[in-house]
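Results of the structural survey
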Protein chains: 2
Amino acid sequence: MAIDISLSNKQTEKQELPLAIPQATLRRLPQYHHYLVQLQARGGKQISCTTIGHDLNFVAVQVRKDLQYTGLPGKPKTGYVVAELVQAIENFLGWNKVNEAFLVGAGNLGTAILGHEKFSQYGLHIVAAFDSDATKVGTRIHGRDVLPLEKLPNLARRMSIRLGIITAPTDAAQSVANLMAEAGIQAIWNFAPVRLKVPAEIFVHNEDLYASLASLSCKLAERLGAPVRNL
Amino acid sequence: MAIDISLSNKQTEKQELPLAIPQATLRRLPQYHHYLVQLQARGGKQISCTTIGHDLNFVAVQVRKDLQYTGLPGKPKTGYVVAELVQAIENFLGWNKVNEAFLVGAGNLGTAILGHEKFSQYGLHIVAAFDSDATKVGTRIHGRDVLPLEKLPNLARRMSIRLGIITAPTDAAQSVANLMAEAGIQAIWNFAPVRLKVPAEIFVHNEDLYASLASLSCKLAERLGAPVRNL
DNA sequence: TAGATTGTTAATCGATTAACAATC
DNA sequence: TAGATTGTTAATCGATTAACAATC
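Everything in this summary refers to the structure shown in the same document. (Residues numbered from 1 in each chain as written. Chains lettered and ligands numbered in written order. Predicted model: local features only at pLDDT ≥ 70, side-chain atom pairs only at ≥ 80, totals over all residues. Heavy atoms only, no water.)

**Quick look at the packing of helix 7 (residues 152-159) of chain A against helix 8 (residues 170-182) of chain A**
All names here are of chain A. Packing of helix 7 against helix 8 brings their axes to within 8 Å, and their N-to-C directions diverge by 35°. The handedness of the crossing between helix 7 and helix 8 is right-handed. From helix 7, Leu152, Pro153 and Arg157 reach across to helix 8, where they touch Leu179, Met180 and Glu182. Residue composition of the contact of helix 7 with helix 8, grouped by class: four nonpolar, no polar and two charged. (Axes fitted to C-alpha atoms, helices over the stretch in contact; angles between N-to-C directions. Helix = DSSP H or I, 4+ residues; strand = E, 2+ residues; numbered from the N terminus. Left-handed = near helix turned anticlockwise from the far one by under 90°. Contact = heavy atoms within 4.5 Å. Nonpolar A, V, L, I, M, F, W, Y, C, P; charged D, E, K, R; others polar.)

**Details of the protein's contact with DNA strand D**
Around DNA strand D, the surrounding shell holds 23 residues, and the nearest of these are Arg64, Gly74, Lys77 and Tyr80 of chain A together with Pro76 of chain B. Take the atoms of DNA strand D that sit within 4 Å of the protein: sugar and phosphate atoms are 60% of them. Residue Lys65 of chain A places a side-chain N or O atom 3.4 Å away from a base oxygen belonging to DNA strand D. When contributions to the surface near DNA strand D are tallied by element, the ones reaching two or more residues are helix 3 (49-56) and helix 4 (60-68) of chain A together with helix 2 (23-41) and helix 4 (60-68) of chain B. Here the surface near DNA strand D gets four residues from one element, more than from any other, and that element is helix 4 of chain A. In terms of residue class, the surface near DNA strand D is made up of 10 nonpolar, six polar and seven charged. (Near = heavy atom within 4 Å. Polar contact = N/O pair within 3.5 Å; in protein donor to acceptor, adjacent residues only side chain to side chain.)

**Some thoughts on the interface of chain B and chain A**
Taken residue by residue, the interface counts 58 residues in chain B and 57 residues in chain A. When the area that chain B buries against chain A is broken down by residue, the three leading residues are Tyr210, Leu216 and Leu220 of chain B, summing to 13%. Only helix 2, helix 3 (49-56), helix 5 (82-93), helix 6 (108-114), strand 8 (187-190), strand 9 (203-206) and helix 9 (209-225) of chain B provide two or more residues apiece to the side of chain B that touches chain A. Broken down by element, the side of chain B that touches chain A gets its largest block of residues, 15 residues, from helix 9 of chain B. Of the residues assigned to the side of chain B that touches chain A, the class counts are 30 nonpolar, 16 polar and 12 charged. (Buried area = accessible area lost by both parts, 1.4 Å probe.)

**Remarks on the relation of the copies chain B and chain A**
To go from the first copy of the chain to the second, apply a rotation about an axis and then a shift along the same axis. For the pair chain B and chain A, the superposition axis carries a translation of 0.0 Å, the fit reaches an RMSD of 0.0 Å, and the rotation angle comes to 180°. A rotation of that kind, with that shift, is consistent with a two-fold axis. An overlap of 98% is found between the interface residues of chain B and their copies at the interface of chain A, pointing to a shared contact surface. (Least-squares fit on C-alpha atoms with pLDDT ≥ 70 in both.)

**Observations regarding the packing of helix 2 (residues 23-41) of chain A against helix 4 of chain A**
When two helices pack together, their arrangement is given by the angle between the helix axes and by the axis-to-axis distance. All names here are of chain A. At a closest axis distance of 10 Å, the pairing of helix 2 and helix 4 adopts a crossing angle of 95°. Taken together, the axis directions place helix 2 and helix 4 in an arrangement best described as roughly perpendicular. The segment helix 2 lies against helix 4, with Thr25, Arg28, Leu29 and Tyr32 engaging Gln62, Val63, Asp66 and Leu67. (Parallel < 35°, antiparallel > 145°, perpendicular 65-115°, else oblique.)

**Brief notes about the side chain of Asp66 of chain A**
Residues and elements named next belong to chain A. Its location among the elements puts Asp66 in helix 4. Reaching out from Asp66, the side chain makes a polar contact with the side chain of Thr25 at a distance of 2.8 Å. A polar contact is formed between the side chain of Asp66 and the side chain of Arg28, at a distance of 2.6 Å. Ignoring sequence-local partners within four residues, the contact set of Asp66 consists of Thr25, Arg28, Leu29 and Tyr32.

**Considerations on helix 2 of chain B**
Between its first and last C-alpha atoms helix 2 of chain B spans 28 Å; for 19 residues at 1.5 Å apiece the expected length is 27 Å, and the two agree. Along helix 2 of chain B, the positions that sit buried rather than exposed are Thr25, Leu26, Arg28, Leu29, Pro30, Gln31, Tyr32, His33, Tyr35, Leu36 and Leu39 of chain B. Of the surrounding secondary structure, the elements contacted by the buried residues of helix 2 of chain B are helix 9 (209-225) of chain A together with strand 1 (46-47), helix 3, helix 4 and helix 5 of chain B. Positioned one or two residues after helix 2 of chain B, Gly43 of chain B has a phi angle of 95°, which is positive. (Expected span 1.5 Å × (residues − 1). Buried < 20%, exposed > 50% of the residue type's maximum accessible area, 1.4 Å probe, protein only.)

**Some remarks on the packing of aromatic side chains**
Taken as a whole, this structure holds 14 aromatic pairs over all chains when the rule is applied. Centre to centre, the rings of Phe119 of chain A and Tyr210 of chain B are 5.7 Å apart; their planes meet at 55°, and the pair counts as tilted. Here Tyr210 of chain B lies in helix 9 and Phe119 of chain A lies in the loop between helix 6 (108-114) and strand 4 (124-131), a pairing that spans two chains. You'll find Phe119 of chain A and Tyr210 of chain B in the same group, each marked buried. In this arrangement the basic side chain of Arg28 of chain A is found over the ring face of Phe58 of chain A, its NZ or CZ atom lying 5.9 Å from the centre. (Phe/Tyr/Trp six-rings, centres within 6.5 Å; stacked < 30°, edge-to-face > 60°. Lys NZ or Arg CZ within 6 Å of the ring centre and 35° of its normal.)

**A look at the protein's contact with DNA strand C**
Lining the immediate surroundings of DNA strand C are 22 residues, of which Pro76 of chain A together with Arg64, Gly74, Lys77 and Tyr80 of chain B lie closest. Each atom of DNA strand C within 4 Å of the protein was assigned to sugar, phosphate or base; sugar and phosphate come to 58%. A distance of 3.1 Å is found between a base nitrogen of DNA strand C and a side-chain nitrogen or oxygen belonging to Arg64 of chain B. The contact in question runs from a phosphate oxygen of DNA strand C to an N or O atom on the backbone of Gly74 of chain B, over 2.8 Å. At four residues, the largest contribution of residues to the surface near DNA strand C is made by helix 4 of chain B. For the surface near DNA strand C, the residue count by class is 10 nonpolar, five polar and seven charged.

**Structural notes on the environment of Leu147 of chain B**
All names here are of chain B. Along the chain, Leu147 falls in strand 6 (residues 144-148). Sequence spacing of Leu147 and Gly94 is 53 residues, and the spatial spacing of their C-alpha atoms is 28 Å. Excluding residues that lie within four positions of it along the chain, Leu147 makes contacts with Ala128, Ala129, Phe130, Asp131, Val137 and Leu155.

**A look at the sheet that holds strand 8 (residues 187-190) of chain A**
All names here are of chain A. Ordered in space as 5-6-4-3-7-8-9, the seven strands form an open sheet in which the pairing is mixed. Two strands close off the open sheet at either side, each with one partner strand: strand 5 (140-141) and strand 9 (203-206). Both strand 4 and strand 6 (residues 144-148) contribute to a ladder of three bridges, which runs parallel. Bridging from a neighbouring strand, Phe130 pairs with Leu147 of strand 6. This element, helix 7, spans strand 3 (99-104), strand 4 and strand 6 of the sheet and lies at about 175° to strand 3. (Pairing = 2+ DSSP bridges.)

Rendered as C-alpha cells:
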C-alpha cells in the first residue's frame, strides 16, 4: 500500500499542499527576477545558484531553496536555464497575468504610482483613479481618469476589479477600505499608515513608510550616540 | 577576575551590548506609536499590553517584549503611562531628533515624498532635492530647491547631511549611491528596485515596491487558480 | 487579600544554514 | 572518472508564544 500512495502522489502531480511560501522568499523572488532579466539582456543562458548568490549576496543554498518554490528543476553541474527561470518566477508571482486595479487618492503619492509605467510590465494595470476632492475629479493623471469616489463600488463590480490601491490620507483610508470591501475587491495595497480592518477574505499588504523611517532614524540615532570611529 | 568583569558590566551601565533590536520589533514600534498618539488625543492616560494587543491584533506578550526595548518599565496592574510610552518610543526611534536629508530624483515619487509634510513630525527634514535633468534644476518642489546633482557632495559635507533618499530611476540609482557615499552620507533610503553596492559603514534601507507587488499578485494568482469558495 | 498586569525563563515554531547524497 | 552543482535531510539560529513568578 505504501508504494501505491507514494506512486499516486508522484503521478497525479499538482495535487496541492503547495507548501505556503515564506514571506522572506517572496521578497527575494523579485530580486532574482530582476537579476536574471539583466543577465538575459547581457546574453546569459545558464546560471547557477552559486553565481546568483555570489552576485546578490545570498548563500547559495538559500537561493536554491527559494527557486525551488517556482517548481522549476535545475540540472546538476549546469544549473538553471535563465529564460526558463525568468518564466517560472513570473509564473509563480502571477506577473504574466494582468491585474486590473483601482487607485484611490489622487494626491502626490497616487500620482507617482500612476506615473510608474514599469508596473504594467509586471501585470499591474491601474485602470482608473478615484478621489473625493471635487477639484481633482474629472481631470486625467498619467492617462487615467480621476473619478468620484462614489462610483467605485459599482464600477469595480462591473469591471471585476480585484485589486485596490489606497494612497488616500490616513484618516480616509479606513472608509476607502470599507468601500473596496463592499465592492468585492480581493486585495488591497495600502500606503496609509493604518492597520485596516477588513473582512478576513481580503488580503491587505501595508506599505509602511513609517516603519522604514523608524529603521533609518533609529540607526542614525544609534550612530550619533556612539563615538565616531576611525573611518 | 571573572567577578570584576561582571561587576563592571553591571555598574558602568550603557556600556554597550544594547541587545540588537529585531527587525520585526522595529516595524511594530511605529504602529504602537501611532496607536498611542491617537489614544492620547482621546484622553487616555494609562494603557496595558493586553489592551494594545487586543486593538492592534498582537499577542499581549509580544507587545510587552517589544516595548521593553524602549527601556521604559511598566507597572504591574496599571500598565504604562501613555505619555511616557510615546516619549520612550520616539526617543528610541530617534524621532525627537532632527535628521536633515537630501533627496535625489525629483520625479513623481520624489515629488510625492517632498510633499509628505507629516515626515517632519518624525524628525525627517528633507532640505533639498537634486536632479540631473536640467529642466528640473532651478525649480522648487513643495518649497524645496531642485539643485544640480553635481552639487550634492560638496553641500552634503558642508551641511553635515547624514541621510540620503534615492527616488531616481533604477539605472541611475547606483551612481547616485556612489555620490552619496563620497559625500559622507551615513544612511540611504532607497526607492529604486536595485540592491546598491555601498561601503559597509553605510546603512541602506530598501523600499522595494516590487516585493510588495509580488506579494499581492502572487496572492491574487493563487486565488484565481483555486475554485471560488462559498462567500 | 485577590486580581490584573508586568517581566522573565522555557518551549515552540519557522527560517536559515550546514552537511551530504544524487546527478550530470 | 572527477568536479560542480542540484536537491534533501539535519542542525542552528532567532523570533514568537507559552508558562509562571513577581508586583502593585
